[in-house]
Amino acid sequence: MSSVELEIGGMTCASCATRIERKLNKLDGIEATVNYATEKARVTAPAGFDTALLIDEVEKAGYSAQLPATQPDATDEADDPELRSLRQRLFISIALAVPVILMAMIPPLQFTYWQWASLALAAPVIVWGGWPFHRAAWTNLRHGAATMDTLISMGTIAAFGWSLYALFFGTAGMPGMTHPFEFTLSRSDGASNIYLEVAAGVTMFILAGRYFEKRAKRQAGSALRALLELGAKDVSVVRDGVEALIPIEQLRVGDAFVVRPGEKIATDGVVIEGHSAVDASMLTGESVPVEVGEGDAVTGATVNASGRLIVRATRIGADTQLAQMAQLVEDAQTGKAEVQRLADRISGVFVPIVLVVALAALVGWIVAGFGLSAAFTAAVAVLVIACPCALGLATPTALLVGTGRGAQLGILIKGPEVLESTRKVDTVVLDKTGTVTSGRMALAGVITEDGVDAAELVRLAGAVEHASEHPIAKAIAAASTRLPAVTDFTNVEGKGVQGVADGHSIVVGRESLLADWGLALSPEVAVAKERAESEGKTVVVAGWDGAARGILVVADTVKPTSAEAIRGLRALGLRPILLTGDNAAAARRIAAEVGIDEVIAEVLPQDKVAVVQRLQSEGRVVAMVGDGINDAPALAQSDLGMAMGTGTDVAIEASDIALVRGDLRSAVDAIRLSRRTLGTIKTNLFWAFAYNVAAIPVAALGMLNPMLAGAAMALSSVFVVGNSLRLRAFQ
């Protein structure tokens, strides 16, 4: 068996994904899952199966399919033709529909020929603006299916069609015709009523919802683009003893290339010359840079922090760890369960019922002998009142207000599907470095030999370390502001540094470097060193003038607000778990400091995904909070991914929620705000349908005048907007 991925086009709701899935699964030996959120199908087929047959089957169902491009689409949002078309339709529809709605609802604005002005303004909105809905409804009709597009299209076309009849063949086109503002129930033959504001308003609101949904969904490929952009673009290759700068695409396995301090390592390889510290935190989560020398393996896209290296390439292109991680992110995104919109679920029952009621009203009035005109009026009234105007506002307004309030609080929620996940989450997996901790090395303690002043130890050690590029050296140098000048500075590769300052010959680094000078720590300080190292901290030894003077303890420090955030997560009924690529001792120390009981340490990126999958297989709904590239696959795999905004672009793009401030308390606020927003959407959806459902029997009895229909529609819309605006008060 082999796995094939297809990009699907033309889906408008979750029921479209179900239909394509059903079609594909009817083929012999095929197992398919279609993800509406990412617009992709993952198909397992027998080896050698013709992909063209799969594409053909999707096209028969009325949708488009193609094999994905070898590189993720790097176009801007502005270059997306589908999104651009939706935005154009939306803005033009707003400009034309708003005057139509105002004229219909406010009698003083109804001048002598206002109804004909309404027709001129509304026709482009209903026909051109609503064309995506009409096209989708026709596609569904040809395949014997009814979705929300069917109801929107039938309702707007019925309202528009009857308005044309009333204007050209009834009395609605007479000069001076008005819609009186009254709430009476009375029978009418409909020939004096127009419904243009309903048709134009529904089209405008539904277009707004589709536009915002499409814009959110387009972000699905951004994580992959960000990942693949991380790698080096050029590389300095040594061939026949000559160094030359070439594009990364021309690099071959076996090539030797140069990596200077501060540069990215171009691809996976083995060091053949030089010694340095490599910052691999974005791939491994390890907060301390890794010392590498001849024979050590290095990973592409990690950063050379200090010395010059010559590396022999062992893996390039799709074989590198970075490319494999990109594949992990894509697999996790594509494998997410399809998002079933609340409105789509309700429409599965609501649409057929409305169509049946409209047909029953038509037949009932004809059988009762009231004539074709009255019968058609009642049937059209059912479709018009059932056409869910407020439903078009229910999700986007709550989402816009909720996400807008979130943005003010530093919380970026990426789409409606995120909200449903927050309601069910019961476990929060937290990355350590950069999430619970600051992700930066800092001086955490100083232990001196007898008679040595701690400030003096930091000052002299910091002076020599100041000349080094090593991240640990920078942490020590940053701890003192009064650093003396240094002469005779020497960097001892892999061991430390030495130099002369204030007349002292100073040596700082590993204990082995001091041993080379015949210097040794006292038993008491040596015990303190071992204790600090057992807690996962990094220890640097310093000495001068022929004696060891003490140790400097460097560690990743806990953010001041992390413990408070953990208490907040527990208050929401969530179980926190610390997950890190760092060593177990450091992880347990951090967990104890912030109040986390469960720790999973020393895990690789693919292991992080496996941990999330294991928790999910136990029936847990998992939220993941992280900030590094190594967290991106797990963020994508989790039911709810939250990325610290202080982290990498890859993590932020792979997540569902981005926490701009880099404060873990934002994760608590994000879940609370998301749950509140989801609750608001549900309330909106209930009332949007409740108004319609309550009015359908009245319409079927032919007792609904157009002003009452318009007022009910406006009232439901005003309620939905007002309810959504309450989210602005969220604290």
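The structure reproduced in this document is the subject of the present report. (Residues numbered from 1 in each chain as written. Predicted model: local features only at pLDDT ≥ 70, side-chain atom pairs only at ≥ 80, totals over all residues. Heavy atoms only, no water.)

Strand order in the open sheet formed by six strands is β16-β21-β20-β19-β18-β17, with antiparallel pairing between adjacent strands. Lying at the two open borders of the sheet, with one neighbouring strand each, are β16 (437-448) and β17 (487-492). For this sheet the average axis-to-axis angle between neighbouring strands, irrespective of direction, equals 20°. Contacting β16, β17, β18 (496-501), β19 (504-509), β20 (538-544) and β21 (547-558), helix α16 (residues 454-465) runs over the sheet at an angle of about 125° to β16. (Pairing = 2+ DSSP bridges. Helix = DSSP H or I, 4+ residues; strand = E, 2+ residues; numbered from the N terminus. Axes fitted to C-alpha atoms, helices over the stretch in contact; angles between N-to-C directions. Contact = heavy atoms within 4.5 Å.)

Examined against the element boundaries, Ser 480 turns out to sit in the loop between α17 (471-477) and β17. In contact with Ser 480, other than residues within four places in its own chain, are Val 458 and Arg 459.

Glancing now at the packing of helix α4 (residues 114-129) against helix α5 (residues 131-142). Axis separation between α4 and α5 bottoms out at 5 Å; the angle between their running directions is 40°. Judged by the inter-axis angle, α4 sits oblique to α5. Listed contacts from α5 to Ile 126, Val 127, Trp 128 and Gly 129 of α4 are Trp 131, Pro 132 and His 134. (Parallel < 35°, antiparallel > 145°, perpendicular 65-115°, else oblique.)

Turning our eyes to something else, we now look at the pattern of salt bridges. Under the defined criterion, the tally for this structure stands at 23 salt bridges. Glu 598 is paired through a salt bridge with Arg 575; the nearest N and O atoms lie 2.7 Å apart. In this pair, Glu 598 sits in strand β23 (residues 598-600) while Arg 575 sits in strand β22 (residues 575-579), placing the two residues 23 residues apart along the sequence. The exposure class assigned to Arg 575 is partly exposed, which follows from its relative accessible area of 25%. Put simply, Asp 663 and Arg 665 hold a salt bridge, and the shortest N to O gap is 2.8 Å. (Salt bridge = Lys/Arg side-chain N within 4 Å of Asp/Glu carboxyl O. Buried < 20%, exposed > 50% of the residue type's maximum accessible area, 1.4 Å probe, protein only.)

With five of its five residues buried, strand β25 (residues 640-644) lies for the most part within the structure. On β25, burial covers both faces: Leu 640, Met 642 and Met 644 on one face and Gly 641 and Ala 643 on the other are all buried. Inspection of the sheet shows strand β24 (residues 622-626) paired to β25 by four bridges, in the parallel sense. Paired with Val 625 across the bridge in β25 is Met 642. The β-α-β motif built from β24, the intervening helix α23 (residues 632-637) and the parallel element β25 has right-handed crossover chirality. The pairing of β25 with strand β26 (residues 657-659) spans three bridges and is parallel. Residue pairing for β26: Met 642 is matched across the bridge by Ile 657. (Right-handed = clockwise from strand over helix to strand, strands pointing away.)

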